[in-house]
Amino acid sequence: MTHLGLVTVVVRDYDKAIAFYRDVVGFELLEDTRIDEDKRWVVVAPPGARETAVLLARAVTDGQEARVGDQTGGRVGWFLNTDTFESDYERMRAAGVVFEEAPRQEPYGTVAVFRDLYGNRWDLIQPRRPGGTGR
């Protein structure tokens, strides 16, 4: 095995999810392919990401719909790494991202929790450099 390719975020609406992740978070739309009348293959990722991307999968069953916005039981489910925490944090806030907290220092780096358009929790994190600080 070489790497984790995709992780899924269950969404209510493809176009609203694309707009949020592309226009608000700053991801790139890598693919938007219609599979049938109702289903699309929609993939987004941070600019320059080489391995892992996010598959936006529209909920189609009651069980899937019930999990939209709470796929991880209230825990942070996704960790968005950055090398430029302050500028990314400010850009995302200005674009309308809702952060639950001010940035904080942890042993593993600088972090702030934000919610996506459905309420899923994400960490924006700048990992601590070995032998240095997270900033």
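Please read all numbers here as calculations on a predicted model, not as lab measurements.

A sheet is described by the order of its strands in space; here four strands give the open sequence β1-β4-β3-β2, paired in mixed fashion. The open sheet has two free edges, formed respectively by β1 (6-11) and β2 (28-34), since each of these has just one partner strand. Between one strand and the next, the sheet's axes are offset by a mean angle of 25°, whatever the strand orientation. Direction of pairing for strand β3 (residues 40-45) relative to strand β4 (residues 53-58): antiparallel, over a ladder of three bridges. Directly across from V44, in β4, lies its bridge partner V54.

An α-helix turns once per 3.6 residues; consequently, residues spaced three or four apart project the same way. If you check which residues of helix α3 (residues 85-95) are buried, you get F85, D88, Y89 and M92. On an axial view of α3, the arc spanned by its buried residues comes to 100°, and they lie on one face. After α3 finishes, the residue G96 shows a positive phi value of roughly 110°.

Next up on the list: the packing of aromatic side chains. Considering all chains together, one arrives at nine aromatic pairs under this definition. Aromatic side chains F20 and Y21 sit 5.2 Å apart centroid to centroid with 85° between the ring planes, which places their arrangement in the edge-to-face category. Neither residue differs from the other here; F20 and Y21 are each classed as buried. Among the aromatic residues, those joined into a ring-pair cluster are F20, Y21, F27, W78, F85, Y89, F99, F114 and W122.

So, about the pairing of β4. Looking at chain direction, β1 and β4 are connected through six bridges and run parallel. For L6, the partnering residue across the bridge sits in β4 and is A53.

For N120, the position within the fold is in the loop between β8 (109-115) and β9 (121-127). Assessed through its relative accessible area of 2%, N120 is described here as buried. Among residues more than four places away in sequence, those in contact with N120 are V9, G69, D70, Q71, W78, F114 and R115.

Among the secondary structure elements, D116 is positioned in the loop between β8 and β9. Of the buried charged residues, D116 lacks a salt bridge, with R115 as the closest side chain of opposite charge at 7.5 Å. For D116, the side chain forms a polar contact with the main-chain nitrogen of Y118, separated by 2.9 Å. Among the polar contacts made by the side chain of D116, one reaches the main-chain amide nitrogen of G119 at a distance of 2.9 Å. Contact partners of D116, with chain neighbours within four places excluded, come to V9, F20, Y21 and W122.

Parameters at a glance
Residues numbered from 1 in each chain as written. Predicted model: local features only at pLDDT ≥ 70, side-chain atom pairs only at ≥ 80, totals over all residues. Heavy atoms only, no water. Pairing = 2+ DSSP bridges. Helix = DSSP H or I, 4+ residues; strand = E, 2+ residues; numbered from the N terminus. Axes fitted to C-alpha atoms, helices over the stretch in contact; angles between N-to-C directions. Buried < 20%, exposed > 50% of the residue type's maximum accessible area, 1.4 Å probe, protein only. Arc of directions from axis to C-beta. Phe/Tyr/Trp six-rings, centres within 6.5 Å; stacked < 30°, edge-to-face > 60°. Contact = heavy atoms within 4.5 Å. Lys, Arg positive; Asp, Glu negative; His and termini not counted. Salt bridge = Lys/Arg side-chain N within 4 Å of Asp/Glu carboxyl O. Polar contact = N/O pair within 3.5 Å; in protein donor to acceptor, adjacent residues only side chain to side chain.

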